[in-house]
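One-letter residues, chain by chain:
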Amino acid sequence: MENSITIPNKLNLNIVRAKLDRIIKIDAALSELFNNFGEIVRSLDWQEICLLSDHALIKQQNYPGIYRIDVHVSDLQRAGSSLADWIGQFVKEWDHADFLGKNTPTTKRLRIATHAKLLDWMPIYIGKSQKIAHRVAEHINLPLDKRTVAMKLRARPMWNERVFRLSTIHLPVTRYELLAPMVEAELRSHVNPLVGRQ
């Protein structure tokens, strides 16, 4: 029995072309809307929420958006360390063999290289979530043996040696799945957090 090939008729082709034309028009409209998207995103203000030790306040951040975690650089560290020294020690601690292969994000050399000076708070991670409180709690509390990717801060010695801070940008949008990854990527390329999955 020979294989039969169905040849689309002109009517079907016209329907397909009409649908494709509509998609192309939507694409053109979106391109116009997103023309200054990067500039708009970079102008958004982070809201400083609390230290990561303030679990009660973290639980209140139950909304969709982008979150950022910074690590504090003490006056003593700034006085006694160059940027290169501080970064070197941070990378050594963060990428220790105990944490590699444990579904944790690693330091990113290209992003690290963009930093020109040691700040009071150095950005270490930017992420997105529809429930920021839940996701940040995972970053803090998940043990190393869990397969979910997270920073797993409590499992690290630096949790007791360094101070971490949470900041957020609330994204109360209908098309979260479309917009949030774009906002996250733009902020990540602007802030250049030291650690990440990407």
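Before reading further, recall that the structure is shown in the block above.
Residues numbered from 1 in each chain as written. Predicted model: local features only at pLDDT ≥ 70, side-chain atom pairs only at ≥ 80, totals over all residues. Heavy atoms only, no water.

## Some words on the side chain of Glu-93
For Glu-93, the location among the structural elements is in helix α5 (residues 83-94). Of note is the side chain of Glu-93, whose polar atom sits 3.1 Å from the side chain of Arg-162. When near neighbours in sequence (up to four residues on either side) are disregarded, Glu-93 contacts Phe-99, Arg-156, Met-158, Glu-161 and Arg-162. (Helix = DSSP H or I, 4+ residues; strand = E, 2+ residues; numbered from the N terminus. Polar contact = N/O pair within 3.5 Å; in protein donor to acceptor, adjacent residues only side chain to side chain. Contact = heavy atoms within 4.5 Å.)

## Here's the deal with the packing of aromatic side chains
Summed over the entire model, instances satisfying the criterion amount to five aromatic pairs. Between the aromatic rings of Phe-34 and Phe-37, the centroid separation amounts to 5.0 Å while the plane-to-plane angle is 80°, which identifies the pairing as edge-to-face. Accessibility expressed as a relative area gives 25% for Phe-34, which makes it partly exposed. Take Phe-37: its relative accessible area is 16%, and that puts it in the buried class. Connected via pairs of aromatic rings, a cluster forms that spans Trp-86, Phe-90 and Trp-94. Directly above the aromatic system of Trp-46 lies the positively charged group of Arg-68, at a separation of 5.5 Å from the ring centroid. The ring centre of Phe-99 lies 4.5 Å from the NZ or CZ of Arg-156, which sits over that ring. (Phe/Tyr/Trp six-rings, centres within 6.5 Å; stacked < 30°, edge-to-face > 60°. Buried < 20%, exposed > 50% of the residue type's maximum accessible area, 1.4 Å probe, protein only. Lys NZ or Arg CZ within 6 Å of the ring centre and 35° of its normal.)

## Some words on the pairing of strand β5 (residues 164-170)
Of all seven residues making up β5, six are buried, and the element is well covered by its neighbours. Note that strand β1 (residues 47-51) and β5 share four bridges and pair antiparallel. Bridged to Glu-48 within β5 is Ser-167. Pairing of strand β2 (residues 65-72) with β5 involves seven bridges; the strand directions are antiparallel. The residue bridging Ile-69 from the neighbouring strand is Leu-166, located in β5. (Pairing = 2+ DSSP bridges.)

## Things to note about the sheet that holds β5
With antiparallel pairing, four strands are arranged side by side in an open sheet as β1-β5-β2-β4. Across the chains shown, the open sheet's two edge strands, defined by having one partner strand only, are β1 and β4 (121-129). Here the strands of the sheet are splayed against their neighbours by 25° on average, with no regard to which way each runs. Relative to β4, α5 is tilted by about 45°, and along the sheet it contacts β2 and β4. The strands touched by helix α7 (residues 132-141) are β2, β4 and β5; relative to β2, the strand with the most contacts, the crossing angle is about 35°. (Axes fitted to C-alpha atoms, helices over the stretch in contact; angles between N-to-C directions.)

## Re the nonpolar core
Counting residues in each nonpolar core, the largest one holds 29 residues, and the members touching the most others are Leu-52, Trp-86, Phe-90, Ile-124, Phe-164 and Leu-194. Counting residues per element, the ones that place at least two in this core are β1, β2, α5, β4, α7, α8 (158-161) and β5. No other element matches α5, which puts four residues into this core. Look past the residues within four positions of Phe-90 in its chain and what remains in contact with it is Val-71, Thr-107, Ile-124, Met-158, Arg-162, Leu-194 and Val-195. (Core = buried A, V, L, I, M, F, W, Y, C linked by side-chain atoms within 4.5 Å.)

## Details of the environment of Arg-162
Along the chain, Arg-162 turns up in the loop between α8 and β5. In this structure Arg-162 comes out as buried when scored by relative accessible area, which is 11%. The spatial distance from the C-alpha of Arg-162 to the C-alpha of Gly-101 is 23 Å, given a sequence separation of 61 residues. Apart from the residues lying within four places of it in its own chain, the contact partners of Arg-162 are Val-71, Gln-77, Trp-86, Gln-89, Phe-90 and Glu-93.

## Quick look at the environment of Lys-117
By the element assignment, Lys-117 lies in the loop between α6 (109-112) and β4. Every residue in contact with Lys-117, bar those within four places of it in the chain, is listed here: Leu-83 and Met-122.

## Thoughts on a nonpolar patch on the surface
Residues Leu-20, Ile-23 and Ile-24 make up a contiguous nonpolar surface patch of roughly 290 Å² in combined accessible area. Structurally, the position occupied by Ile-23 is in helix α1 (residues 10-33). What makes Ile-23 exposed here is its relative accessible area of 53%. (Patch = residues over 30% accessible without salt bridge, like charges linked within 9 Å, V, L, I, M, F, W, Y side chains within 5 Å. Areas by Shrake-Rupley, 256 points an atom, 1.4 Å probe, with all protein chains shown as cover. Salt bridge = Lys/Arg side-chain N within 4 Å of Asp/Glu carboxyl O.)

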